[in-house]
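The residues making up each chain are set out below.
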Amino acid sequence: MTQNKMRAALLYGPSDVRIEDVDIPSISDDQALVRVKAIGICQSDIRVIKGLSRKKYFSYGCDSYGLTGHEWVGEIVKLGKKVQGFNIGDRVIPEIIISCGKCKMCIDGRTNLCLNKQYVIRGYAEYAVVPFTNLYKVPEKIDFEEAALIEPIAVTLHANEIAKPTLGDLVLIMGAGPMGLLNLIINKLSGSRVSVSDIIDERLQRAKSLGADEVINPSKEDISARVKELNDGYGADIVIVCASSAKAIEDGFKAVRPGGKLLLFAGSIVPPEVKLDPNYIHYNEVTITGSYDHLAKDTINAIKLLSYRQINVKPIISHYVSLQELHKGIEIAESHIGLKVIVKP
Ligand SMILES: [Zn+2]
Ligand SMILES: [Zn+2]
């Protein structure tokens, strides 16, 4: 590798990812150049790679360098002249959302819903460029692999704030993939009793070992009947759907108690048609809501939870691959055989 070149993943067309040598990007006065140390593969990255994303973040070809990788952590190697508060060698993660600060959502403090939102992405490369105002320091206590999970933890904390579980609530989490398991960890920390459902027994085992009070396999038993049995005949106080199938959403809806809440955590590549009984919502005052992305405070809180060792997310990482092996990592993440796949560029 020559001095000015780096390895990066480029997307030439749907599912056409190539690892190539490109120029190390230059930085402007207010930016930092960061050597990427670890990056988690997110299902949303896979959607972009396949050309199935709702939004398009970049063009194909050379401009796609780094792809949509957003769950990354690294070390600062170069600073622009106007950067303040950071030094070479600082361990950092990006605040991936750049919000406009002017639209109604930003003024209401809901920057995750900003109408003019842009992202700091491009983590699937040896180097990334970030404005210093969008960097957070990562304490030494958090290793790079865990730090790659800060963004998914932040997204989970945001959902937790919307779900607002209170002590002793029965929370049902549908789906025991990496995000379902993070929701389990955060809800346990909130003092809830947590049931987790998934059709893969191996994932349910993992949920058990991470503290799930009960696990339910909907291919073997009726979720709502089981949840009612677990909660004195009532359904779940809160249901968090971390799977994108219509069946998961419909099953989750049936499992909510009167006055309870259904939170749609997962996006869907193709929005499924879902059948929900409007009368059940009306006569039982069921709240249906969603959660998406995170706020800056969620990122800060995610860093605190990890550095104070209030949560252990390492069991959620199942595979490590190099950047050269990105295809293999994507296959693993897509096949649901593992959990979180971390790429080490
Ligand atoms: Zn993500
Ligand atoms: Zn805005």
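The preceding data block contains the structure.
Note that the structure is predicted; figures quoted are calculated from it, not measured.

Each value, and the rule that gives it
- Residues numbered from 1 in each chain as written.
- Chains lettered and ligands numbered in written order.
- Predicted model: local features only at pLDDT ≥ 70, side-chain atom pairs only at ≥ 80, totals over all residues.
- Heavy atoms only, no water.
- Buried < 20%, exposed > 50% of the residue type's maximum accessible area, 1.4 Å probe, protein only.
- Helix = DSSP H or I, 4+ residues; strand = E, 2+ residues; numbered from the N terminus.
- Pairing = 2+ DSSP bridges.
- Right-handed = clockwise from strand over helix to strand, strands pointing away.
- Donors = N, O, S within 2.8 Å, 3.2 Å for Na, K, Ca; no water.
- Tetrahedral: all angles 85-135°; square planar, octahedral: opposite > 155°, others 65-115°.
- Arc of directions from axis to C-beta.
- Contact = heavy atoms within 4.5 Å.
- 1 Å grid on protein atoms, 1.4 Å probe; cavity = no way out; pocket = protein on both sides within 12 Å on 5 of 7 lines; lining within 4 Å.
- Points joined across faces, edges and corners; volume = space filled by probe spheres on them.
- Nonpolar A, V, L, I, M, F, W, Y, C, P; charged D, E, K, R; others polar.

**Student:** What's the story with the pairing of strand S17 (residues 340-344) in this structure? I'm lost.
**Tutor:** The two faces of a sheet get side chains in turn, since along a regular strand they alternate between them. Buried residues dominate S17, accounting for four of its five residues. Bridge count for strand S3 (residues 31-40) against S17 is two bridges, and the pairing is antiparallel. Counterpart to Ile39 in the pairing with S17 is Val343. Bridging between strand S16 (residues 317-322) and S17 involves five bridges; their strand directions are parallel. The residue of S17 that forms the bridge with Ile317 is Lys340. For the segment spanning S16, helix H11 (residues 326-335) and S17, crossover handedness is right-handed.

**Student:** Even after reading the chapter, I still don't get the coordination of the zinc ion (ligand 2), so can you show me in this structure?
**Tutor:** Angles between donor atoms at a metal ideally measure 109.5 degrees for a four-coordinate tetrahedral arrangement and either 90 or 180 degrees for a six-coordinate octahedral one. Each protein donor to the zinc ion (ligand 2) is listed here as Cys100 (SG), Cys103 (SG), Cys106 (SG) and Cys114 (SG); together their distances run 2.3 to 2.4 Å. Note that the zinc ion (ligand 2) binds four donor atoms; their angles at the metal cover 102 to 118 degrees, and the shape is tetrahedral. Spacing between the donor residues of the zinc ion (ligand 2) along the chain follows C-x2-C-x2-C-x7-C.

**Student:** Honestly, H11 in this entry has me stumped. Any pointers?
**Tutor:** Since the α-helix turns once every 3.6 residues, residues separated by three or four places project in the same direction. Within the span of H11, buried status applies to Leu326, Gly329, Ile330, Ile332 and Ala333. Looking straight down H11, one finds its buried side chains confined to an arc of 160 degrees; they lie on one side. Among the structural elements, strand S1 (5-13), strand S2 (16-23), helix H1 (43-49), S16 and S17 are those in contact with the buried residues of H11. Where H11 ends, the next residue or the one after it, His336, has phi of about 65 degrees, a positive value.

**Student:** What is the right way to read empty space enclosed by the protein from this model?
**Tutor:** By rolling a water-sized probe across the atoms, one finds the places where empty space is left. Scanning the model with the defined rule gives one cavity of 30 Å³ or more in all. Within this model, the largest cavity holds a volume of roughly 80 Å³. Taken together, 13 residues line the largest cavity, and the ones lying closest to its centre are His70, Ile93, Pro94, Ile150 and Glu151. For the lining of the largest cavity, the residue count by class is seven nonpolar, three polar and three charged.

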